[in-house]
Structures are given as C-alpha cells and as structure tokens.
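# Fold and geometry: a report
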Amino acid sequence: MTDVRCRVFASDIGHQTPDNNMKIAVIKYNSGNVQSVLYALERLGANAELTDDPEVIRAADKVIFPGQGEASTAMRYLKERKLDTLIKELKQPFLGVCLGLQLLCEHSEENDTECLGIFPVKVKRFVPENSQEFKVPHVGWNELENLVINPLLKDLPANPFVYYVHSFYAELSEFTIAQTHYIHDFSGILHRDNYYAIQAHPEKSGLVGEKLLENFLSL
C-alpha cells in the first residue's frame, strides 16, 4: 500500500533542497521516535541538532518538537528544564509532531495533563464506538481532508494519505488546517502564528511526509 501511494503522488509533488546553512533544532525531551525524524531530515539534505539546550533552541532558524510517549512525563521533563516557558516564547517557525502536537494543546486526557496551551484545544482519548470496526490506538494510513490554503500544505495532492500511530487526538478548532476521520473527525494539522503541528508521522508518510517537512523548512 505504501509503495502504491508513493507512485501515485510522485508526479504530483515537487521537491526543494533545504538551505544547508539553516540551523534546525530538534527538541530533546525524553520521548521516543526522535531518531527517525532526524533521519528524515538528513534524507532531505537538512542538518539538525537534537538538543535540550535553551540557547541552541533559541538561536535555531527552525524548531521541531517530535516524539512518542506519555504526556505527563514529557511535560514534567520540559518543566524541569524550563523548556515549557521557552517554547511559548519562540518566534521562529516551530513544528510539533505526534505527541508534540498534543503537548502544544491546552490539556490532555492522558493522565489529566496540563499542556503548553499554544493551541486552545483539548486532547481526548479515542473511545471506539464499535470495537470490531475501530481499534485503539489508531494505527495506519488515513486521509487528510478539508485542507485549507496554507504554506505548510503547499503542492500536496487532494486528500493525501499520511501514517498515524496514536490513542489521543486534538479536537477540531479554528486552528485546524487539515482534518482526518477515525471514529470521528479530529485535527490532523494545526496552525497558529509561527506554530504548526502534525498528528501523523511525516517521517513515515512517504512522499507526502517529505513534502510536509520540506514545506516547513521553507517557511
């Protein structure tokens, strides 16, 4: 299935070469899946540094906040290092991925966790209405729908497929720029000011994921 979608999208998606002088900080905060994001950036020709050093993050041209894990543990790590305050002060383009999206919201039902509040959105747990049809976590390819005009979504095909692995989701809001349906509609991608966030894993989403990362690096 993955290969078919890549072939379908290959003629629709153009590629750009990132600026080799661009400083990209990938925030380290005791979460999983970070290395695959670093590899994805490397494949695009971008140089990124994994760090929890506030000065390195503050000086970066772009900041990426990826991860898989548990919300309260991640927030505790951020607060212990005062990265929660730093993240809310940043002015450069900032991209949250998977757990990173959820932590940018105001509250998560995962262990009743107060999050960063960049997006005034609540994160809720999937509750399957039909356990035979829907499983939790939501794992696999699904469509992004109702895409709005936004530089992060530039040159994507209509209703592109991306790869999801998550048990919690962000509700729809005025900051939703693409949504996905699983059990019900949820925010697939959010945008507010310099903050962007993707619930799916762009590093696992083939050419569509590459294009999302390229578009972010071009902001």
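Residues numbered from 1 in each chain as written. Predicted model: local features only at pLDDT ≥ 70, side-chain atom pairs only at ≥ 80, totals over all residues. Heavy atoms only, no water.

An unreviewed UniProt entry lists the protein under the name Imidazole glycerol phosphate synthase subunit HisH, with Algoriphagus yeomjeoni as the source organism.

### So, the sheet that holds strand β13 (residues 195–198)
Spatial ordering of the open sheet is given by β2-β1-β3-β4-β13-β12-β11, a layout of 7 strands whose pairing is mixed. Two strands lie at the open edges of the sheet, namely β2 (48–51) and β11 (176–182), each paired on one side alone. Ignoring which end each strand starts from, the neighbouring axes of this sheet average 25 degrees apart. In terms of strand pairing, strand β4 (residues 94–97) meets β13 through 4 bridges, oriented parallel. Residue pairing for β13: L95 is matched across the bridge by Y196. (Pairing = 2+ DSSP bridges. Helix = DSSP H or I, 4+ residues; strand = E, 2+ residues; numbered from the N terminus. Axes fitted to C-alpha atoms, helices over the stretch in contact; angles between N-to-C directions.)

### Remarks on the nonpolar core
Note on soluble globular proteins: their nonpolar side chains tend to be buried together. Ranked by internal contacts, the top residues of the largest apolar core, which has 37 residues, are L41, I64, L95, I189 and L212. Taken together, the elements giving at least two residues each to this core come down to β1 (24–27), α2 (34–43), β4, β9 (161–166), β11, β12 (184–192), β13 and α7 (206–217). Each residue touching L95, except ones within four places of it in the same chain, is listed here: V63, I64, F65, Y196, A197, I198, L213 and F216. (Core = buried A, V, L, I, M, F, W, Y, C linked by side-chain atoms within 4.5 Å. Buried < 20%, exposed > 50% of the residue type's maximum accessible area, 1.4 Å probe, protein only. Contact = heavy atoms within 4.5 Å.)

### Remarks on the pattern of salt bridges
Counted under the stated rule, the structure contains 6 salt bridges. Measuring nitrogen to oxygen at the nearest pair gives 2.8 Å for the salt bridge that ties R58 to E55. Within this pair, R58 and its partner E55 are both found in helix α3 (residues 54–59), separated by 3 residues, close to a single helical turn. Overall, the relative accessible area of 53% leaves E55 in the exposed class. (Salt bridge = Lys/Arg side-chain N within 4 Å of Asp/Glu carboxyl O.)

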